[in-house]
Amino acid sequence: MNVRILVAAQDDLASGFRFYEAQAAGLGSYFIDSLYSDIDSLRFFGGIHLVVADGYYRLLSKRFPFAVYYLQEGDTMIVHAVLDCRRSPAWNRKRLYIARTKDI
């Protein structure tokens, strides 16, 4: 299977990087490495995760309180968002709705 990360999801990852790097030097890099490892696992395990809002699959990160939201199109997993689970559920739903309605 293939994995494609949309620009909005890349922006989410960059935002998470900045947040964790401000907490401690090197933590942002560890965050990025961990999340990309989680995303890379979609090559083997894409489509087995819980289906949540608007038909998105949700992959929970192993090391950080983040969730990867993706859709499956054929043999391609398309990552639409990487969201902080500590945020308001309403905010996350709105962000997913925007991701779904925009052609990013």
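Okay, so let's go over this structure.

Structural notes on the overall build of the protein chain
Regarding its fold elements, the protein chain presents four helices and five strands. For 104 residues, the compact-globule formula gives about 13 Å, and the C-alpha radius of gyration of the protein chain, at 13 Å, lands near that figure. Structurally, the protein chain occupies a C-alpha span of about 40 × 30 × 25 Å along its principal axes. Burial statistics for the protein chain: of 104 residues in total, 40% are counted as buried. Residue pairs in contact within the protein chain that sit at least 24 positions apart in sequence constitute 47% of those at least 6 positions apart.

Overview of the side chain of Arg 95
Tracing the backbone shows Arg 95 in helix α4 (residues 89-101). Judged by relative accessible area, Arg 95 falls into the buried class, the value being 12%. In terms of polar contacts, Arg 95 uses its side chain to reach the side chain of Asp 12, at 2.8 Å.

Quick notes on the pattern of salt bridges
Counted according to the given criterion, the structure contains three salt bridges. Across the pair Asp 40 and Arg 43 runs a salt bridge, and its minimum N-O distance is 2.6 Å. Among the residues examined, Arg 43 registers a relative accessible area of 36% and is labelled partly exposed.

A few points about the nonpolar core
Most often, soluble globular proteins have nonpolar side chains that are buried together. Among the nonpolar cores identified, the biggest contains 17 residues, and Phe 31, Leu 35, Val 79 and Val 82 are the most heavily contacted of them. A total of four residues in this core trace back to one element, the largest contributor, which is helix α2 (residues 27-40). The next biggest cluster of nonpolar side chains, apart from the first, holds eight residues, and it includes Tyr 56, Tyr 69, Ala 81 and Leu 83.

What about the sheet that holds strand β1 (residues 2-5)?
Strand order in this open sheet of five strands is β1-β5-β4-β3-β2, and the pairing throughout is mixed. Pairing within the sheet leaves two strands with one partner each, and these edge strands are β1 and β2 (50-51). Pairing analysis gives four bridges linking β1 to strand β5 (residues 76-84), with the strands arranged parallel. Bridge pairing links Asn 2 to Thr 76 in β5.

Let's talk about the side chain of Ser 34
Relative to the helices and strands, Ser 34 resides in helix α2. What makes Ser 34 buried here is its relative accessible area of 10%. Look past the residues within four positions of Ser 34 in its chain and what remains in contact with it is Arg 63 and Phe 64.

Comments concerning helix α1 (residues 7-23)
When the terminal C-alpha atoms of α1 are compared, their 25 Å separation across 17 residues agrees well with the 24 Å that a helix rising 1.5 Å per residue should span. Along α1, the residues that are buried comprise Ala 8, Ala 9, Asp 12, Leu 13, Gly 16 and Tyr 20. Down the axis of α1, the buried set is contained in an arc of 145°. They therefore lie on one face. Of the residues in α1, the exposed ones pointing more than 90 degrees away from the buried face are Arg 18 and Ala 22. Check the buried side of α1 and you find it contacts β1, α2, β4 (66-73), β5 and α4.

The rules we used
- Every chain begins its residue count from 1, and numbering advances along the sequence as written.
- Confidence filtering applies because this is a predicted model: local features only for residues at pLDDT of at least 70, side-chain atom pairs given and counted only at 80 or more, and all residues used for totals across whole chains, interfaces and linings.
- Remark: hydrogens and water are excluded; side-chain values derive from all non-hydrogen atoms of the structure.
- Here a strand is any run of E in DSSP of at least two residues, a helix any run of H or I of at least four, and the numbering for each starts at the N terminus.
- As a reference, a globule follows 2.2 Å times the number of residues to the power 0.38, and the radius of gyration itself is taken over C-alpha atoms.
- A 1.4 Å probe rolled over the protein chains alone gives each residue an accessible area, and that area as a share of the maximum for its type sets the label: buried under 20%, exposed over 50%, partly exposed in between.
- The contact criterion used is simple: two residues touch if any of their non-hydrogen atoms lie within 4.5 Å.
- Throughout this description, a polar contact denotes any pair of N or O atoms lying within 3.5 Å of each other; where both atoms belong to protein, one of them has to be capable of donating a hydrogen while the other can accept it, and for residues adjacent in sequence the pair is counted only when both atoms sit in side chains.
- Within this document, salt bridges are pairs made up of a side-chain nitrogen of Lys or Arg and a carboxyl oxygen of Asp or Glu, the two lying within 4 Å of each other.
- In this description, a nonpolar core means a group of buried Ala, Val, Leu, Ile, Met, Phe, Trp, Tyr and Cys residues linked to one another through side-chain atoms lying within 4.5 Å.
- Strands are labelled as partners when DSSP assigns at least two bridges between them.
- Each helix should span, by expectation, one fewer than its residue count multiplied by 1.5 Å.
- Here the arc refers to the directions that run from the helix axis out to each C-beta atom.

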